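Letter by letter, the chains look like this.
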Amino acid sequence: MKEPAFTEEDRRFMRVALDLARKAEGAGEVPVGAVLVRGGRILGEGCNRPVASADPTAHAEMEALRAGAGQLENYRLPGTVLYVTLEPCVMCAGALVLARIERLVFAARDLRFGAVRSKFRLADSELLNHRLQVEEGLLAADAGSLLANFFEKRR
Ligand SMILES: [Zn+2]
């Protein structure tokens, strides 16, 4: 697979998402982090925190979307890019479509639950009325080892 041409800005934002993933790990959550960006500015950040918040929907992407939508006071988020360290699940991919996100950049694939490449391809499905550009693999090794170490320690 050919790696798409990521920019320095892409790298910078994915590093922020990785820091958020480490923050999630510090709180005992599966290490996933996300940032929502528009025009080079961060609108929302998210750490995975379903355990602490006793909320199965508290995925990093959902948190970043909520924060961003609150910032813009708009339930639709056109022209935005979501950076996330792990491939979104079905719920999050659905939310990205509903929010009209323009572009999704994710680091590592989620072979068990991934809903934009691994298990389903919701984000560019012709059955839905909005398609987002999907790019993957940016800093995937960092995100992948963060997750692998986390699950290793839990065993
Ligand atoms: Zn999710």
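Residues numbered from 1 in each chain as written. Predicted model: local features only at pLDDT ≥ 70, side-chain atom pairs only at ≥ 80, totals over all residues. Heavy atoms only, no water.

Trainee: I'd like to hear about the overall build of the protein, residue by residue, with values.
Mentor: Within the protein, the secondary structure is distributed over four helices and five strands. Along its sequence from the N terminus, the protein presents helices and strands in the succession α-β-β-α-β-α-β-β-α. Against the compact-globule benchmark of 15 Å for 155 residues, the protein has a radius of gyration of 14 Å, which places it among compact chains. Judged by the C-alpha coordinates and their principal axes, the protein covers about 40 × 35 × 30 Å. Here the protein holds 155 residues, and the buried ones make up 47% of them. Approximately 8,100 Å² of the protein is accessible, and the part contributed by carbon and sulfur atoms is 53%. (Helix = DSSP H or I, 4+ residues; strand = E, 2+ residues; numbered from the N terminus. Rg over C-alpha atoms; globule rule 2.2 N^0.38 Å. Buried < 20%, exposed > 50% of the residue type's maximum accessible area, 1.4 Å probe, protein only. Areas by Shrake-Rupley, 256 points an atom, 1.4 Å probe, with all protein chains shown as cover.)

Trainee: Tell me about the nonpolar core, residues and numbers included.
Mentor: In terms of nonpolar packing, the biggest core is built from 49 residues, with Met14, Leu36, Leu65, Leu82, Tyr83, Ile101 and Leu104 touching the most fellow members. Of all the secondary structure elements, the ones that give two or more residues to this core are helix H1 (8–26), strand S1 (33–38), strand S2 (41–47), helix H2 (60–72), strand S3 (81–86), helix H3 (90–98), strand S4 (103–108) and helix H4 (140–154). Of the residues forming this core, the biggest block, seven residues, is contributed by H1. Residues contacting Met14, with those up to four places away along its chain left out, are Tyr83, Val84, Thr85, Val105, Phe106, Ala107, Leu138 and Leu139. (Core = buried A, V, L, I, M, F, W, Y, C linked by side-chain atoms within 4.5 Å. Contact = heavy atoms within 4.5 Å.)

Trainee: Before we move on, could you go through H4 and cite the residues and values that matter?
Mentor: Between its first and last C-alpha atoms H4 spans 21 Å; for 15 residues at 1.5 Å apiece the expected length is 21 Å, and the two agree. Buried within H4 we find Ala143, Leu146, Leu147 and Phe150. Mapping the buried residues of H4 onto a view down its axis gives an arc of 90°, with all of them on the same face. Relative to its buried face, H4 has exposed residues pointing more than 90 degrees away, namely Ala141 and Glu152. (Expected span 1.5 Å × (residues − 1). Arc of directions from axis to C-beta.)

Trainee: Describe in detail the coordination of the zinc ion, supporting the description with residues and values.
Mentor: The textbook angles at a metal center are 109.5 degrees for a tetrahedron of four donors and 90 or 180 degrees for an octahedron of six. Protein-derived coordination of the zinc ion comes from His59 (ND1), Cys89 (SG) and Cys92 (SG), at a distance range of 2.0 to 2.3 Å. Coordination of the zinc ion draws on donor residues from a single chain, spaced H-x29-C-x2-C in sequence. The class for Cys89 is buried, based on a relative accessible area of 13%. On the basis of relative accessible area, Cys92 is assigned to the buried category, the value being 0%. (Donors = N, O, S within 2.8 Å, 3.2 Å for Na, K, Ca; no water.)

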